[in-house]
Amino acid sequence: MSQTPRSYFRPTTDPAVLAVQFIAVSFAFFLLGGALALGMTGEASVPGIELLGAEAYSRAFTNHGSIMIFLWLMPAVAGLTHALLPRVLGLTRSALPRLAGLGFWLLPAGGLTMVASFFLGGASSGWTASVPLSTQTAGLGQTLWVGSLILLVLSLGCNATGFLATILSSRGKETRSLPPFAVASLISSALALISSPVLIAALGALLVDRLVAGPSFLAGSLGLTLWQNAFWFFAHPAMSIMLLPAIGVVSEIIQANTGRPLIAGRSVSLAMLTVGGLGLVSWGQHLFASGLIPTVRVSFMLTSMAVGVPLAFIVLAWLTTLWVSKVRFSTPMLFSLGFISMFLLAGLSGLVLASVPANLYLHGTYFVSGHSHLALFGGVMSGLIAGIYYVFPNLTGKAYDENLGKLHFLAHVGGVHLAFLPMLLIGLQGIPRRIIDLGPGLELFQLASSGGAVVLASASLLFLYNLFFAWRSGRPARLTESIQ
Amino acid sequence: MRERNILLVTILVLSLIGAGIAVASLVRPLPQAASDRAVLVDQLLRVTFGLATAVFLGVEGLLVFAAVRGRLFQTSALIANPATSLELIWLAVPAAIVIVLSVYSIRVLLLMEAPRSDPLQVEITAGQYQWEIRYPDSGLTTNELHLPAGRPAELLFRSRDVIHSFWVPAFGAKIDALPDRVTSLALTPLRTGEFEAVCAEFCGAGHAGMIASVQVEEPIEFEQWLQAGGGD
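Summary of the structure given here. Please read these numbers as outputs of a predicted model, since none were measured by experiment.

Let us look at the overall build of chain A. When helices and strands are counted, chain A shows 15 helices and zero strands. In terms of overall dimensions, chain A has a C-alpha envelope of 60 × 45 × 45 Å along the principal axes. The 484 residues of chain A split such that 63% are buried. Across chain A, contacts joining residues at least 24 apart in sequence account for 84% of those joining residues at least 6 apart. Of the accessible surface of chain A, which amounts to about 16700 Å², a share of 70% is contributed by carbon and sulfur atoms.

In structure tokens form, the structure reads like this:
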């Protein structure tokens, strides 16, 4: 590596430097979002209202959600893509390099705006910013927060455009099929480009509604459900935008650690395409309780449930590949196995939520929080960590400590289960999400969940410690370590 | 060898189905089910959890075994590439599960939303941070929802400010209260008791405290309560 430390603080077009920039900045925000989560779970663990007031609590969960999605997972996935995409395509440069650089610098701009908004009153209407609550919440904080989201969604759009251009322009004379990570990245980027303009338009309307008194776009004649539809048209595929690259990287790691190409690889690519397509037409799943026309509800239910079929197909293709191989249990491989296991829990709880009658009971409860955290932490985060361990030796030329990596794996898996499975049970007991006090009878579940959050936080600190010291003073990576 | 494998697979699949049935008959997702809707949701969730248990145990077992199999056995046991007919099975099994669950969900939905004869109409207006309950037939306005057991009720919702969501967990279903249109929820309370209505859509700093008492009474008691103008 010829990079000096200072080159990481400068605008660049080098994908390897961009990868480090994205991952470092996104994980700094992860620590911030995690601190908010620990504050909230601490508050919920003590009976009554002790740590935070109701106002501070709603500010905490609003910013926790928006930080974890827009400032941690999405940019971290972009960083992983900058590291892995050129490698699987056999390139050293990516297409539209200046756009990629812009995509990165929008990240600290949006992030700092969001942090500033937190101290200037703060957004407090949930990361879903339901209208008219989000138009009525007073204060500069909520307005700045909307502005920061616009910057961050623009960043996502820049990244997606760059990845799409890189993949499409890489296909020259050779006719071999695209590697799984490139397919996943292609579909994820296309989803981002289709859905993000809708959210930017809706956020723009929200901003105008907040800044200009008088006729308003969202709370006025266009109808209240316009915001909900526009928001979920982005936020439902957002799960696939983050999940598909995780699926892609797990596929690559399975290939590397079994020493054979994925079985039914072409069908797996088709399955990923189906996941993306269905993700685009399932947003109404979040509006079942909002008085949708009954037949429309059923059609959204069918597309939401159907996405289980291609996802199950991908898992079965992975299992068969493992079945016929001698598996090498490197740290990235362990996290990939963890991804499959925890992603299964997310998928099954998602199947419950897709059913209209079950959803009318569980919508807006802790069950939904449990499901989304299993999907984002058990699923996307596990795939992301697997991918970061996987590209680390290549990216830095250094080897991380395998034993610490395996300890991290155990703590991560234990933490995710302990933190988020109790949320499913709390929701089933009839407790809505986003309330500051759970009431009596659920102390044990909440305590387990808080304990899990602490374990998960410690595991993540161990991960950052391992990588930081390996990079600074680790031994050089052997060639075999760069391909496992 | 081949017959032994078929026997083994059959035993494993049967025990997964057994585990699913055990879970479906043991769990009580809605222990307080107090309306016709809640009973239906309770059944649906039990079947779904049973199915999910079987799938979860099956896939986790397969995952662990597939991962260590190559290390337990000699590589001669590892086959080249499986036949493409296997891909059809990978599609058919999840598709069957999804279809069964979809059809069952639609059936439950139709039963839930079937029109009920002679419902008691109640108008509920949500506002930060309380529920205002009005009985249009008698003109009574109160903050407690009283319903007679056994008689269908049609609850009509409106909000005076932001979006709220009316949820009595014991009744099984929730519905949003919107400022720009009326939504409705039809149900028949099945047994008497005192329950709670909460707000399930974040509506501001007082969201957690937006709770109303719900009393399901014998029809006679309900009529007396209504006559007395909502007093206790």
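Scanning chain B for helices and strands turns up four helices and ten strands. Going residue by residue from the N terminus, the α and β elements of chain B occur as α-α-α-β-β-β-β-β-β-β-β-β-β-α. In terms of C-alpha radius of gyration, chain B reaches 25 Å, well past the compact-globule figure of 17 Å for 232 residues. Oriented by its inertia axes, the alpha-carbon framework of chain B measures out at about 85 × 35 × 25 Å. Looking at the 232 residues of chain B, the share that counts as buried comes to 44%.

Attention shifts here to the pairing of strand β8 (residues 183-187) of chain B. Residues and elements named next belong to chain B. Across the two faces of β8 the burial differs, with T183, L185 and L187 buried and S184 and A186 not buried at all. Two strands pair when backbone bridges link them, and strand β5 (residues 153-159) and β8 are joined in this way by five bridges, in the antiparallel orientation. In the strand pairing of β8, E154 is matched with A186.

Moving on, we get to the packing of aromatic side chains. If you walk through the whole model with that rule in mind, you get 38 aromatic pairs over all chains. Ring centres 5.0 Å apart and planes at 65° place the aromatic pair W283 of chain A and F300 of chain A in the edge-to-face group. One end of the pair, W283 of chain A, is in the loop between α8 (265-280) and α9 (294-306); the other, F300 of chain A, is in helix α9, with 17 residues separating them in the sequence. With a centroid separation of 5.3 Å and 45° between ring planes, the pair formed by F377 of chain A and F420 of chain A is classed as tilted. Residue F377 of chain A is found in helix α13 (residues 366-396), and its partner F420 of chain A is found in helix α14 (residues 402-428); the two are separated by 43 residues along the sequence. Among the aromatic side chains, those forming a connected cluster through ring pairs are F27, F30, W72, F335, F377, Y389, F392, Y400, F409, F420 and F463 of chain A. Directly above the ring of Y390 of chain A sits R87 of chain A, whose terminal nitrogen or CZ lies 4.6 Å from the centroid. Just above the ring of W167 of chain B sits the side chain of K174 of chain B; from NZ or CZ to the centre is 4.1 Å.

On to the nonpolar core, then. Formed by 228 residues in total, the largest nonpolar core has its most connected members in F70, W72, W318 and F377 of chain A together with L45, Y135 and F166 of chain B. Looking at this core, the element that brings in the most residues is helix α2 (residues 54-89) of chain A, giving 20 residues. Ignoring sequence-local partners within four residues, the contact set of L45 of chain B consists of V352, A358, Y361, L362 and L428 of chain A together with P29 and L30 of chain B.

Here we come to the pattern of salt bridges. Inspection of the entire model under this criterion finds eight salt bridges over all chains. Between E113 of chain B and R37 of chain B there is a salt bridge, with its nearest N and O atoms 3.0 Å apart. Residue E113 of chain B is located in helix α3 (residues 85-113), and its partner R37 of chain B is located in helix α2 (residues 36-72); the two are separated by 76 residues in the primary sequence. Since its relative accessible area comes to 35%, E113 of chain B is described here as partly exposed. Judged by relative accessible area, R37 of chain B falls into the buried class, the value being 2%. Through salt bridges with shared partners, one network takes in R297 of chain A together with R37 and E113 of chain B.

Another aspect to go through is the interface of chain B and chain A. Contact with chain B, which involves 69 residues of that partner, is made by 73 residues of chain A. Counting the surface lost from both chain B and chain A, the interface buries some 5800 Å², and carbon and sulfur atoms represent 72% of this. In this assembly, chain B and chain A are joined by one salt bridge. We note a salt bridge from E113 of chain B to R297 of chain A, for which the minimum N-O separation is 2.6 Å. On inspection of chain B and its partner chain A, the count reaches eleven residue pairs in polar contact (both at pLDDT 80 or more). For the side of chain B that touches chain A, the elements supplying multiple residues, two or more each, are α2, α3, β7 (174-177) and β9 (193-199) of chain B. In terms of residue count, α2 of chain B provides more of the side of chain B that touches chain A than any other element does, 20 residues in total. Of the residues that constitute the side of chain B that touches chain A, the class distribution is 46 nonpolar, eleven polar and twelve charged.

Residue and element names in this part refer to chain B. An order of β3-β2-β1-β5-β8 is seen for the five strands of this open sheet, with the pairing classed as mixed. Edge positions in the open sheet fall to β3 (140-142) and β8, since each of these has one partner strand only. Across the sheet, the mean angle from the axis of one strand to that of its neighbour is 20°, orientation sign disregarded. Two elements, strand β2 (residues 130-135) and β3, share three bridges in a ladder whose sense is antiparallel. In the strand pairing of β3, Y135 is matched with L140.

Conventions and cut-offs
- Residues numbered from 1 in each chain as written.
- Chains lettered and ligands numbered in written order.
- Predicted model: local features only at pLDDT ≥ 70, side-chain atom pairs only at ≥ 80, totals over all residues.
- Heavy atoms only, no water.
- Helix = DSSP H or I, 4+ residues; strand = E, 2+ residues; numbered from the N terminus.
- Buried < 20%, exposed > 50% of the residue type's maximum accessible area, 1.4 Å probe, protein only.
- Contact = heavy atoms within 4.5 Å.
- Areas by Shrake-Rupley, 256 points an atom, 1.4 Å probe, with all protein chains shown as cover.
- Rg over C-alpha atoms; globule rule 2.2 N^0.38 Å.
- Pairing = 2+ DSSP bridges.
- Phe/Tyr/Trp six-rings, centres within 6.5 Å; stacked < 30°, edge-to-face > 60°.
- Lys NZ or Arg CZ within 6 Å of the ring centre and 35° of its normal.
- Core = buried A, V, L, I, M, F, W, Y, C linked by side-chain atoms within 4.5 Å.
- Salt bridge = Lys/Arg side-chain N within 4 Å of Asp/Glu carboxyl O.
- Buried area = accessible area lost by both parts, 1.4 Å probe.
- Polar contact = N/O pair within 3.5 Å; in protein donor to acceptor, adjacent residues only side chain to side chain.
- Nonpolar A, V, L, I, M, F, W, Y, C, P; charged D, E, K, R; others polar.
- Axes fitted to C-alpha atoms, helices over the stretch in contact; angles between N-to-C directions.

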